[in-house]
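Architecture at a glance
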Amino acid sequence: MHYINIFSLNWYNIYFMEQSIASARKPNFLKKIVQSFGSFVIDDIKGLGDFALFTIKFFYWSVKPPFRVKLGFDQLFFIGNKSVFIVCLTGAFTGMVMAYQMYYGSKLISMDTFVGPIVSMSLARELSPVLTGLIVAGRAGAAMAAQIGTMKVTEQIDALEVMGVDANQYLAVPRILAGTIALPILTIIHGFVGNLGSYLIGTKVLGIDEVMYFSKLSQLMFLEDFFQGIIKAFFFGFIIACIGTYHGFSVSGGAEGVGKGTNLAVVWGMITVLVVDFFLTSFLVHIL
Amino acid sequence: MENAVEVINLTKRFGEHTVLDNLNFNIVRGKITTILGFSGAGKSTLMKHILGLLKPTSGMLRVLDTDLSTLNRVGLREFRRNFGMLFQYAALFDSMTSFENVAFPLREFTKLNEAEIKDKGFKLLKSVGLEEISYHKLPSELSGGMRKRVGLARALALSPKIMLYDEPTTGLDPITTNMVNELIKDTTDAHKDIGLTSIIISHDVKATLKISDYVAFLDHGKIIEHRPVDEFLESKEPLVRRFLEL
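For clarity, every value in this text was computed on a predicted model and none was experimentally measured. (Residues numbered from 1 in each chain as written. Chains lettered and ligands numbered in written order. Predicted model: local features only at pLDDT ≥ 70, side-chain atom pairs only at ≥ 80, totals over all residues. Heavy atoms only, no water.)

Turning next to the side chain of Thr55(A). Residue and element names in this part refer to chain A. When you line up the elements, Thr55 lands in helix α1 (residues 11-62). We classify Thr55 as buried; its relative accessible area is 12%. Among the polar contacts listed, one links the side chain of Thr55 to the backbone oxygen of Phe51, at a separation of 2.7 Å. (Helix = DSSP H or I, 4+ residues; strand = E, 2+ residues; numbered from the N terminus. Buried < 20%, exposed > 50% of the residue type's maximum accessible area, 1.4 Å probe, protein only. Polar contact = N/O pair within 3.5 Å; in protein donor to acceptor, adjacent residues only side chain to side chain.)

Encoded structure:
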């Protein structure tokens, strides 16, 4: 055995010892970086594949009886009706703030009568579907992941499977269908309330002539503007519900797993709404 | 003796890890069989194979004279209606009341009308000894023992031919443990006419041996002992002896 007398070490010895330890560790360190990057990429690709399979299963089960209409309406009530208040609140303030911003901007070039159509167009095409999507992702998407995740960790999903009930069909299909239907309706409500807010601030507070406000609105707003928003909302509703339910089914472990799944559902739901919005916009502006 | 479950050369591997290693044993119809073993012995994996939730790496399972490997996904799902299962923590649907939990399989799989479902649901809840006051309570308002009763009533709703009990007494106090054991025994006796087979997966040796007809001991994926309960108690197998003396 060879022992090092630590009392005989000086700074020179220590420097070289550190260097040799560092060089010995280097390949391991690099290997770890490559390994963790590799597993991150593999996990992400696997996750994407699982999500794609989950979505395909949804289409399969949604056309197969039994059709759980009551469950669908229950979910529609939960996602739609229970989100109305927060959607109206967001819509009203968005419309009012937009009216203020547009008014002072457009007044500089004497185009303050255009406040109505500018706000209305922004709401119809962009703000209403995106903001409603973000609200629903935060509220209903999180709730879906938490409900299904809790059912998974408490063996309720196993109980369904043992009884011979497909958990995907029973839990995911009504939620995804309800989300897909609820979001366009909520978007229309958001847009309506937003326009009302803009009208009140524009005409009653900022003094824009009411006749001019409506005349410009009717001249510059077209049905296509509303369709663009509704089409977007339809996709957002589908995606948010798919992500929420998928993360619910992916939960593992106990309460910590449910929290993690819920968090992922909200984060990915919101990110996906923004990313998909870009691609949908770039497509829809060409056809509508 | 007629067998409810026949396990033939069953092997299950997860990657390199062998969980069930060439198992061969039968579960007798109409009797209570307990599968004992330490944690990680492969008990839950075996149970999932009996339910058709997992596919064997090799070997086969014949359940109620049906080779499970011949059934497709839909066939397996339908076949599972022959099973009732009482989960460790009852696994009641937490958004439904006790009655709704019991009514769930009846609404899903029978053509009974609401009045008949109500009648059958109440009868089932009564048969497991649940007081009427608890019929419309949510699972969160019930004690552990009450939840087990509701879970058992739900499992019995479709008149299963095989009842599976997953760790039925784990984590319960001695009085509730005794109550659950009696419930299992009474349920099996009450359904003797249809030949109800009960399979208990447990590591609670003292609690389950009192009510079992047969005991199988699983260790590291192998059945090291499988006998009628009185013979099992006399087993010379060192591991079984260690387990019995705990």
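Still more ground to cover, so stick around.
We now examine the interface of chain B and chain A. Tallying the contact residues gives 21 residues for chain B and 17 residues for chain A. For the pair chain B and chain A, the summed buried area comes to about 1600 Å², and 59% of that belongs to carbon and sulfur atoms. Ranking the residues of chain B by area buried against chain A places Arg77(B), Phe87(B) and Phe93(B) at the top, with a combined share of 32%. At the junction of chain B with chain A, the criterion picks out four salt bridges. Counting every contact that joins chain B to chain A gives four residue pairs in polar contact (both at pLDDT 80 or more). Mapped by element, the contributors of at least two residues to the side of chain B that touches chain A are α2 (73-79) and α3 (98-109) of chain B. Among the elements that line the side of chain B that touches chain A, the one with the most residues is α3(B), at four residues. Residues of the side of chain B that touches chain A, tallied by class, amount to 12 nonpolar, one polar and eight charged. (Contact = heavy atoms within 4.5 Å. Buried area = accessible area lost by both parts, 1.4 Å probe. Salt bridge = Lys/Arg side-chain N within 4 Å of Asp/Glu carboxyl O. Nonpolar A, V, L, I, M, F, W, Y, C, P; charged D, E, K, R; others polar.)

A word on the packing of aromatic side chains. Residue and element names in this part refer to chain A. Counting across every chain of the model gives 21 aromatic pairs over all chains. Here Tyr60 and Trp61 contribute two aromatic rings whose centre-to-centre distance is 5.1 Å and whose plane-to-plane angle is 70 degrees, an arrangement assigned as edge-to-face. One aromatic cluster is present, formed by Phe51, Phe54, Tyr246 and Phe249 through successive ring pairs. The ring of Phe78 is capped by Arg139, whose NZ or CZ atom sits 4.9 Å from the centre of that ring. (Phe/Tyr/Trp six-rings, centres within 6.5 Å; stacked < 30°, edge-to-face > 60°. Lys NZ or Arg CZ within 6 Å of the ring centre and 35° of its normal.)

To continue, consider the pairing of strand β9 (residues 214-219) of chain B. When a strand is regular, its side chains alternate between the sheet's two faces. All names here are of chain B. For β9, the buried fraction is high: six of the six residues fall into the buried class. Residues Tyr214, Ala216 and Leu218 of β9 are buried on one face, and the alternating residues Val215, Phe217 and Asp219, pointing to the opposite face, are buried as well. Sheet topology places strand β3 (residues 32-37) next to β9; five bridges connect them, and they run parallel. Counterpart to Ile35 in the pairing with β9 is Ala216. Taking the residues that link successive antiparallel strands as the turn, the β9-strand β10 (residues 222-228) hairpin has two residues, and the phi of His220 there is positive, at about 45 degrees. (Pairing = 2+ DSSP bridges.)

Turning next to the sheet that holds strand β6 (residues 83-86) of chain B. Residue and element names in this part refer to chain B. The sheet built from six strands is open, its strands ordered β6-β7-β8-β3-β9-β10 with mixed pairing. Whereas interior strands pair on both sides, the edge strands pair on one side only; in this sheet they are β6 and β10. Averaged over all pairs of adjacent strands, the angle between strand axes in this sheet comes to 15 degrees, irrespective of strand direction. Here six bridges tie β9 to β10, and the two strands are oriented antiparallel to one another. Bridged to Phe217 within β10 is Glu225. Here helix α5 (residues 144-156) sits on the sheet and contacts β6 and β7 (162-166); the angle it forms with β6, its principal contact strand, is near 175 degrees. (Axes fitted to C-alpha atoms, helices over the stretch in contact; angles between N-to-C directions.)

This part covers unusual backbone geometry. Pro66(A) follows Pro65(A) through a cis peptide bond whose omega is 5 degrees. Positive phi, normally seen in glycine, also occurs at Asn9(B), with a value near 45 degrees. Within the secondary structure, Asn9(B) is located in strand β1 (residues 3-14). With a relative accessible area of 38%, Asn9(B) lands in the partly exposed category. One non-glycine residue, Asn22(B), lies in the positive phi region at around 50 degrees. Here Asn22(B) is to be found in strand β2 (residues 17-28). When its relative accessible area of 43% is taken as the criterion, Asn22(B) is described as partly exposed.

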